[in-house]
Amino acid sequence: ADGSVYYVDAAFRDYSTYAESVADHFAFLKRNHRYADAGVFTAHSDRGYFEALQRAGYATDVAYADKLMAMVDSVRRFTSSMVASTTAEAVAQAKPAPRLLLVGMRGPDVELVQSALKTLGLNVGTVDGDFGPRTRAAVAAYQLAKGLEADGIVGDKTRTALGL
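Cut-offs and rules
Residues numbered from 1 in each chain as written. Predicted model: local features only at pLDDT ≥ 70, side-chain atom pairs only at ≥ 80, totals over all residues. Heavy atoms only, no water. Helix = DSSP H or I, 4+ residues; strand = E, 2+ residues; numbered from the N terminus. Rg over C-alpha atoms; globule rule 2.2 N^0.38 Å. Contact = heavy atoms within 4.5 Å. Areas by Shrake-Rupley, 256 points an atom, 1.4 Å probe, with all protein chains shown as cover. Lys, Arg positive; Asp, Glu negative; His and termini not counted. Charge placed at Lys NZ, Arg CZ, Asp CG, Glu CD. Salt bridge = Lys/Arg side-chain N within 4 Å of Asp/Glu carboxyl O. Buried < 20%, exposed > 50% of the residue type's maximum accessible area, 1.4 Å probe, protein only. Phe/Tyr/Trp six-rings, centres within 6.5 Å; stacked < 30°, edge-to-face > 60°.

Draft legend 1. Expanded view of the overall build of the protein. When helices and strands are counted, the protein shows 7 helices and 0 strands. A globule of 164 residues ought to have a C-alpha radius of gyration of about 15 Å, yet the protein, at 34 Å, is considerably larger. Along the first, second and third principal axes, the C-alpha atoms of the protein reach 85 × 35 × 30 Å. Taking as baseline every contact in the protein between residues at least 6 positions apart, the subset at least 24 positions apart corresponds to 27%. Total accessible area on the protein stands at roughly 11600 Å², and carbon and sulfur atoms take up 58% of it. Side-chain charges in the protein split into 18 positive and 19 negative, and the spacing between the mean points of these groups amounts to 8 Å.

The following block contains the structure:
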């Protein structure tokens with residue numbers, strides 16, 4: 001409390017695994033009644049637990065609980081920001097998988113395929129977003145020219161070949 005530095009010569013334990021060290025830590029606390037008396041086992045929060053350890057004399061640092069809470073808060077802020085940025089990134093990058101396009105389907109994705117085929121000189125009829133028989137024939141002709149299975153259905157390979 002007076003700002004002086006104190007050196008403590010103490011023995012430390014060595015463990016083969018983290019689990020072994022955690023088990024020994026709690027066994028130590030349970031063997032020493034001062035920790036139960038200080039409220040270590042009845043704490044309802046991280047801060048309460050750290051303060052109870054400090055009251056029981058677990059650490060020599062008078063700011064032990066504050067330093068541990070600062071570390072916990074820092075980790076929470078970091079993980080929270082990582083989750084938030086990862087989630088935002090995932091949402092921004094997530095696109096629904098393109099659907100298979102075949103006769104009878106309608107939509108802007110059909111219109112995009114029709115436009116690409118028409119630009120290549122294939123007869124799709126009207127570029128209207130309606131996958132009809134002419135669009136199917138144009139898709140099959142394109143697939144045949146590209147060495148793809150000429151089934152008249154726009155899937156991943158046809159879409160990729162069209163650059164879509």
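On we go.
Draft legend 2. Representation of the environment of Val5 within the structure. Counting through the fold element by element, Val5 comes out in the segment before helix 1 (18–31). Residues Val5 and Val110, 105 residues apart in the sequence, show an inter-C-alpha distance of 75 Å.

Draft legend 3. Spatial organisation of the pattern of salt bridges. Within this structure, the stated rule accounts for 6 salt bridges. A salt bridge links Asp66 to Arg47; the shortest N-O distance between them is 3.1 Å. With Asp66 in helix 4 (residues 64–93) and Arg47 in helix 3 (residues 46–55), this pair connects stretches of sequence that are 19 residues apart. Among the residues examined, Asp66 registers a relative accessible area of 48% and is labelled partly exposed. Among the ionic pairs, Lys67 bridges to Asp61, the shortest N-O distance being 2.6 Å. Asp61 gets classed as partly exposed once you look at its relative accessible area, which sits at 27%. One network of salt bridges, in which partners are shared, links Arg47, Glu51 and Asp66.

Draft legend 4. Looking closely at the packing of aromatic side chains. With the rule as written, the count across this model stands at 4 aromatic pairs. For the pair Tyr35 and Tyr58, a centre-to-centre distance of 6.1 Å together with 75° between the ring planes defines the contact as edge-to-face. Residue Tyr35 is located in helix 2 (residues 33–38), and its partner Tyr58 is located in the loop between helix 3 and helix 4; the two are separated by 23 residues in the primary sequence. Overall, Tyr35 belongs to the buried group, its relative accessible area being 0%. Under the relative-accessibility criterion, Tyr58 is labelled partly exposed at 32%. On the basis of an interplanar angle of 55° and a centroid distance of 6.0 Å, the ring pair of Tyr58 and Tyr64 is categorised as tilted. Among the aromatic residues, those joined into a cluster by ring pairs are Phe28, Tyr35, Tyr58 and Tyr64.

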